[in-house]
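The lines below spell out each chain.
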Amino acid sequence: KKLLCILLSLTFILSLTACGNKRTTNTDGSSTPTESKPVKEQELALDETQYVLPEGVEATIIKESIDNSHAVINVVNTSDTTINVPVEYKLLKKVDDQWFEVKPKSDVEWSITLYEVAPNTAKKITVSFLVAHNPLGSGTYRVIRPVYVTDDKSIYHLDCEFTLE
């Protein structure tokens, strides 16, 4: 009976191990093994054309500020309307010429802080990657943050790309 119990247990464990080959469904309906992606726990990112800033607003990462734990974004608002940028962000990483979302290390409860950028002003906004992620490894990344415009129901996004060596 012990031998039979051990054999059944081993068979069960081996069957669970065989089920570990997960597949990711691509936007075109095809699927690829998750393990073939060099960065773990990612999903295909949204199409980059969905990330648009309001007219008169520019956002760039200050290159000297970048490290594996944070970056500073310079937001310039030359419009005649105040914009608000929340703390919340999405992080994407480029793998084989495609952008993938880097999943947060756990459920993140974002602060309700809004950075207000008045008309014809600029503001430097720090993005702390450690709020939602482990220190970043080398690679090319994008930070996506929502942007809200006073008296406008549309949701815009700032999109800043940077590379860590």
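This report concerns the structure included in the present document. Keep in mind the model is a prediction, meaning the values are calculated, not measured. (Residues numbered from 1 in each chain as written. Predicted model: local features only at pLDDT ≥ 70, side-chain atom pairs only at ≥ 80, totals over all residues. Heavy atoms only, no water.)

1. What about the overall build of the protein chain?
1) Next: Assigned secondary structure in the protein chain consists of one helix and 12 strands.
2) Next: Secondary structure elements of the protein chain, listed N to C terminal, follow the sequence α-β-β-β-β-β-β-β-β-β-β-β-β.
3) Next: Expressed as a percentage of the 165 residues in the protein chain, the buried residues total 34%.
4) Next: Surface accessibility of the protein chain: about 10800 Å² in total, with carbon and sulfur atoms responsible for 53%. (Helix = DSSP H or I, 4+ residues; strand = E, 2+ residues; numbered from the N terminus. Buried < 20%, exposed > 50% of the residue type's maximum accessible area, 1.4 Å probe, protein only. Areas by Shrake-Rupley, 256 points an atom, 1.4 Å probe, with all protein chains shown as cover.)

2. Some details on the pairing of strand 6 (residues 83-86)
1) Next: In strand 6, alternate side chains face the same way, and those of Ile83 and Val85 on one face and Asn84 and Pro86 on the other are all buried.
2) Next: Sheet analysis places strand 6 next to strand 9 (residues 114-117), joined by four bridges and oriented antiparallel. Bridge assignment links Pro86 to a residue of strand 9, and that residue is Leu114.
3) Next: Both strand 6 and strand 11 (residues 139-149) contribute to a ladder of two bridges, which runs antiparallel. Residue pairing in the sheet places Asn84 in a bridge with Tyr148 of strand 11. (Pairing = 2+ DSSP bridges.)

3. Focus on the sheet that holds strand 10 (residues 121-128)
1) Next: With antiparallel pairing, three strands are arranged side by side in an open sheet as 4-5-10. Whereas interior strands pair on both sides, the edge strands pair on one side only; in this sheet they are strand 4 (57-61) and strand 10. Each strand of the sheet is rotated relative to its neighbour by a mean of 20°, with strand direction disregarded.
2) Next: Sheet topology note: the strand 4/strand 5 (residues 70-77) ladder contains five bridges and is antiparallel. Among the inter-strand pairings, Ala59 is bridged to a residue of strand 5, identified as Val75. (Axes fitted to C-alpha atoms, helices over the stretch in contact; angles between N-to-C directions.)

4. Quick notes on the side chain of Asn84
1) Next: Among the secondary structure elements, Asn84 is positioned in strand 6.
2) Next: According to the relative accessible area criterion, Asn84 is buried, its value standing at 15%.
3) Next: The residues contacting Asn84, other than those within four sequence positions of it, are Leu114, Tyr115, Glu116, Pro146, Val147, Tyr148 and Thr150. (Contact = heavy atoms within 4.5 Å.)

5. Concerning the pairing of strand 11
1) Next: Where burial is concerned, most of strand 11 is hidden: 10 out of the 11 residues are buried.
2) Next: For strand 7 (residues 90-95) and strand 11, the ladder comprises four bridges, and the chain directions are antiparallel. Its bridge partner being in strand 11, Lys93 is matched across the sheet by Tyr141.
3) Next: Pairing of strand 11 with strand 12 (residues 155-164) involves 10 bridges; the strand directions are antiparallel. Looking at the pairing, Thr140 lines up with Thr163 of strand 12.

6. Observations regarding the packing of aromatic side chains
1) Next: A full pass over the atoms with the stated rule returns four aromatic pairs.
2) Next: On the numbers, 5.5 Å between centres and 15° between planes, the contact of Phe129 with Phe162 is stacked. In this pair, Phe129 sits in the loop between strand 10 and strand 11 while Phe162 sits in strand 12, placing the two residues 33 residues apart along the sequence.
3) Next: Measuring from ring centre to ring centre gives 5.5 Å for Tyr141 and Phe162, while their planes differ by 20°; the resulting arrangement is stacked. Of this pair, Tyr141 sits in strand 11 while Phe162 sits in strand 12, and the two are 21 residues apart along the sequence.
4) Next: Three or more aromatic residues joined by ring pairs make a cluster, and in this case those are Tyr89, Trp110, Phe129, Tyr141 and Phe162. (Phe/Tyr/Trp six-rings, centres within 6.5 Å; stacked < 30°, edge-to-face > 60°.)

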